[in-house]
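So the chains spell out like this:
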Amino acid sequence: MNMEIIGIDEKLCVSCGSCINVCIGDVFKEQDGITSVTAPSQCLLCGHCKAICPEDAINFLGLNPDEFEPMPPKEDIPLPEKLQTFFRSRRSIRIFKKMSVEREKLEKVIEAGRFAPTGGNRQPVEYSVADTPEILGTILDTTVKTLVAMAIKTNETVAEIEKQNKALSAKQRIGQFYAKRWLQIGEMHKKKIDGLFYHAPALIITHVNPAMSVAPGVDAGIAGAQMILLAETLGLGTCFCGFLVLAIEANPELKNILKIPPGNKTQFTFMAGYPDITFKRLVARNPAGVTWL
Ligand SMILES: Cc1cc2nc3c(=O)[nH]c(=O)nc-3n(C[C@H](O)[C@H](O)[C@H](O)COP(=O)(O)O)c2cc1C
Ligand code: SF4
Ligand code: SF4
């Protein structure tokens with residue numbers, strides 16, 4: 001990054017030192033009562049300095065100044081009980097109304113991913129979105145074909161191991177379990193029943209260039225959590241689809257259809273649509289495995 005990308009408006013700066021305190025990049029220095037940018041190449045563009053500056057004296061070329069809106073009052077932040085209840089009210093949705101999802105809503109869902117924190121603020125998560133019956137049909141056909149081929153291969157491997165009277169590894173047993181499901185999905189597909197995307201009207205696929213991220217799975221996972229929760233507030237239901245991730249990584253044809261660069265690694269995918277089901281109780285889970293130290 002060069003000097004012009006971040007700057008301090010000297011006329012506004014009161015040299016309070018807040019930006020120096022908050023910056024993890026050691027980008028600013030104070031000398032003789034004047035604060036200035038001395039190491040711009042160390043800037044992560046995290047925006048903490050601008051968000052803390054009492055005089056709004058800091059400017060970036062790389063960030064949209066309109067997004068630095070004032071922090072809302074504390075009362076506007078949900079109470080912990082309400083937020084926890086909201087988290088617990090989200091369920092995977094596998095029954096959707098035959099209604100398309102407005103693009104504006106899908107854009108808002110993607111915005112929730114865009115604002116998520118990422119390692120080193122690298123913001124590496126990219127999105128492919130399918131929301132027309134034509135492209136969804138093509139993705140479904142190709143994914144089912146891929147999963148059925150994977151199932152046949154898995155079953156051949158398992159048969160070979162069993163022929164040799166050897167025990168299956170835990171991974172192979174899981175593979176055997178999935179293979180059965182993939183073949184079922186294949187049979188359903190022949191009858192025009194979508195056992196993979198559940199006839200959802202929209203599909204979001206995320207991918208990351210591994211060279212751009214220090215922790216692709218974590219970065220994408222946080223974005224995913226924010227996205228599915230924002231979707232809930234828009235009246236949408238979602239369901240992650242790990243089988244699609246496996247299929248994309250196994251078949252370059254799918255990467256091509258989804259316009260995912262060949263070097264990018266698929267992270268998570270999820271279906272979205274208007275739920276045609278209403279749950280009446282919150283989620284229950286196993287106790288957390290916590291070690292207090
Ligand atoms: C996977 C991951 C790893 C991170 N590791 C560190 C870290 O080791 N040290 C640190 O100070 N911040 C770390 N962060 C915080 C990021 O630098 C921060 O989220 C990013 O700069 C955006 O700033 P924000 O969280 O204030 O929006 C990490 C964030 C993520 C998602
Ligand atoms: S936080 Fe703002 S006012 Fe304070 S030293 Fe930094 S630029 Fe100047
Ligand atoms: S954007 Fe973040 S890293 Fe860059 S100067 Fe401001 S506080 Fe430091």
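Residues numbered from 1 in each chain as written. Chains lettered and ligands numbered in written order. Predicted model: local features only at pLDDT ≥ 70, side-chain atom pairs only at ≥ 80, totals over all residues. Heavy atoms only, no water.

Quick look at the packing of aromatic side chains now. A full pass over the atoms with the stated rule returns 9 aromatic pairs. With a centroid separation of 6.0 Å and 15° between ring planes, the pair formed by F60 and F68 is classed as stacked. Judged by its relative accessible area of 28%, F68 falls in the partly exposed class. Taking the centre distance of 6.0 Å and the plane angle of 10° together, the rings of F268 and F270 count as stacked. (Phe/Tyr/Trp six-rings, centres within 6.5 Å; stacked < 30°, edge-to-face > 60°. Buried < 20%, exposed > 50% of the residue type's maximum accessible area, 1.4 Å probe, protein only.)

It is worth spelling out the site of ligand 1 at this point. Around ligand 1 sit C46, H48, P117, T118, G119, G120, N121, A215, V218, D219 and I222, and that is every residue in its neighbourhood. H48 places a side-chain nitrogen or oxygen 2.5 Å from an oxygen atom of ligand 1. Summarising the interface, the protein chains cover 51% of the accessible area of ligand 1, which totals 620 Å² for the free molecule. In terms of residue count, helix α7 (residues 216-233) provides more of the shell around ligand 1 than any other element does, 3 residues in total. When the residues that make up the shell around ligand 1 are grouped by side-chain class, the tally is 5 nonpolar, 5 polar and 1 charged. (Near = heavy atom within 4 Å. Polar contact = N/O pair within 3.5 Å; in protein donor to acceptor, adjacent residues only side chain to side chain. Areas by Shrake-Rupley, 256 points an atom, 1.4 Å probe, with all protein chains shown as cover. Helix = DSSP H or I, 4+ residues; strand = E, 2+ residues; numbered from the N terminus. Nonpolar A, V, L, I, M, F, W, Y, C, P; charged D, E, K, R; others polar.)

Bringing the pairing of strand β8 (residues 265-273) into the picture now. With respect to burial, β8 is a largely interior element, 8 of its 9 residues being buried. Where strand β6 (residues 202-208) and β8 come together, 6 bridges link them in antiparallel fashion. Of the residues in β8, the one forming a bridge with V208 is K265. Bridge analysis of strand β7 (residues 237-240) against β8 gives 4 bridges, and the strand direction is antiparallel. Across the sheet, the residue bridging to F240 is F270, located in β8. (Pairing = 2+ DSSP bridges.)

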